[in-house]
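Analysis of the macromolecular model
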Amino acid sequence: DLDGNVLDSWEGVRVQCLWCLNDGKTILASDTHQRIRGYNFEELTDRNIVQEDHPVMSFTVSRNGRLALLNVATQGVHLWDLQDRVLLQKYQGVTQGFYTIHSCLGGTSEDFIASGSEDHKVYIWHRKSELPVAELTGHTRTVNCVSWNPQIPSMLASASDDGTVRIWGPAPSLDGEDPEGCGSSNSTADS
């Protein structure tokens, strides 16, 4: 509560990643049992939502709360429907061993997926295609996090173990105008 008292808790599992759903009462947690469980703090209940065959290193949830994008150890990126509890798509290309890599949904209607990779690249897929539509190069070490700009759907940031954050966007148009206000297609800022 607001006074710092523990009202209730669950014990017994090591949590890798958390996500709060918009309903204000449910927390999703990936744990060491290769799953995502839903914990309802209003009803004090919990249940399995997703079960994978390999550890879930990180995950994120779509704005509408329906889809979960998972980075799965040695398996890459998987997209799950949380309501129907089915695997919708596995994405090819990304190299993920045992480093924690964070992927994201993005674009105007969250129709695109982006993920870093241990091969130093950023991969971008259309949500319905298992093959990447783009591979962005420029980092010199593992790309461990990507984030789509929520205000400018054509802008993406990536962070790498090389100590840099790169901002990605469309190349400037031929007449010198920058239609999205993104700047150059590959600028680097020290992190």
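Refer to the preceding data block for the structure.
Residues numbered from 1 in each chain as written. Predicted model: local features only at pLDDT ≥ 70, side-chain atom pairs only at ≥ 80, totals over all residues. Heavy atoms only, no water.

A separate point is the packing of aromatic side chains. Applying the stated criterion across every chain yields a total of five aromatic pairs. Between Trp10 and Tyr39 the ring centres are 5.1 Å apart and the planes differ by 65°, which places this aromatic pair in the edge-to-face class. Taken together, the residues Trp10 in the segment before β1 (15–20) and Tyr39 in strand β3 (residues 35–40) connect sequence positions 29 residues apart. Ring geometry for Tyr91 against Trp125: centres 5.4 Å apart, planes inclined by 45°, an arrangement best described as tilted. In this pair, Tyr91 sits in strand β8 (residues 86–91) while Trp125 sits in strand β11 (residues 122–126), placing the two residues 34 residues apart along the sequence. What makes Tyr91 buried here is its relative accessible area of 3%. Among the aromatic side chains, those forming a connected cluster through ring pairs are Trp10, Tyr39 and Phe41. (Phe/Tyr/Trp six-rings, centres within 6.5 Å; stacked < 30°, edge-to-face > 60°. Helix = DSSP H or I, 4+ residues; strand = E, 2+ residues; numbered from the N terminus. Buried < 20%, exposed > 50% of the residue type's maximum accessible area, 1.4 Å probe, protein only.)

Moving on: the layout of surface pockets. Each pocket or cavity is described by its volume, and for the largest pocket that value is around 260 Å³. Surrounding the largest pocket, 16 residues form its lining, Arg63, Leu105, Gly106, Glu110 and Trp148 being those nearest its centre. Counting only elements with at least two residues in the lining of the largest pocket, the list comes to β5 (56–61), β9 (103–106) and β13 (143–148). Among the elements that line the lining of the largest pocket, the one with the most residues is β9, at three residues. (1 Å grid on protein atoms, 1.4 Å probe; cavity = no way out; pocket = protein on both sides within 12 Å on 5 of 7 lines; lining within 4 Å. Points joined across faces, edges and corners; volume = space filled by probe spheres on them.)

Considering the arrangement of structural elements, one finds Asp46 in strand β4 (residues 45–51). Note: C-alpha distance between Asp46 and Arg66 (20 residues apart in sequence) is 18 Å. Residues within four places of Asp46 in sequence aside, it is in contact with Trp10, Arg37, Gly38 and Tyr39. Only 2.9 Å separates the side chain of Asp46 from the side chain of Trp10, close enough to count as a polar contact. (Contact = heavy atoms within 4.5 Å. Polar contact = N/O pair within 3.5 Å; in protein donor to acceptor, adjacent residues only side chain to side chain.)

Read across the sheet, four strands follow the order β5-β6-β7-β8 without closing on themselves; strand pairing throughout is antiparallel. Two strands bound the open sheet, and with one partner strand each, they are β5 and β8. On average, each strand axis in the sheet is tilted by 25° relative to the strand beside it, whichever way the strands run. With five bridges joining them, strand β7 (residues 76–81) and β8 adopt antiparallel strand pairing. Along β8, the bridge assignment pairs Trp80 with Leu87. (Pairing = 2+ DSSP bridges. Axes fitted to C-alpha atoms, helices over the stretch in contact; angles between N-to-C directions.)

Across all of its chains, the model carries six salt bridges by this definition. A salt bridge links Lys25 to Glu42, with the shortest nitrogen-to-oxygen separation between them at 3.7 Å. Placement of Lys25 in the loop between β1 and β2 (26–31) and of Glu42 in the loop between β3 and β4 is noted, with a sequence separation of 17 residues between them. Residue Glu42 is classed as exposed on the basis of its relative accessible area of 61%. Two residues, Asp81 and Arg66, come together in a salt bridge whose shortest N-O distance is 2.8 Å. Here the residue Asp81 occupies a position in strand β7, and Arg66 occupies one in the loop between β5 and β6 (67–72), the gap between them amounting to 15 residues. In this structure Asp81 comes out as buried when scored by relative accessible area, which is 6%. Overlapping salt bridges bring together Arg66, Asp81 and Asp84 as one network. (Salt bridge = Lys/Arg side-chain N within 4 Å of Asp/Glu carboxyl O.)

If you trace the four strands from one edge of the open sheet to the other, you get β1-β2-β3-β4, paired in antiparallel fashion. Two strands close off the open sheet at either side, each with one partner strand: β1 and β4. For this sheet the average axis-to-axis angle between neighbouring strands, irrespective of direction, equals 25°. As paired strands, β3 and β4 are joined by six bridges and run antiparallel to one another. Looking at β4, one finds that Arg35 is bridged to Gln51.

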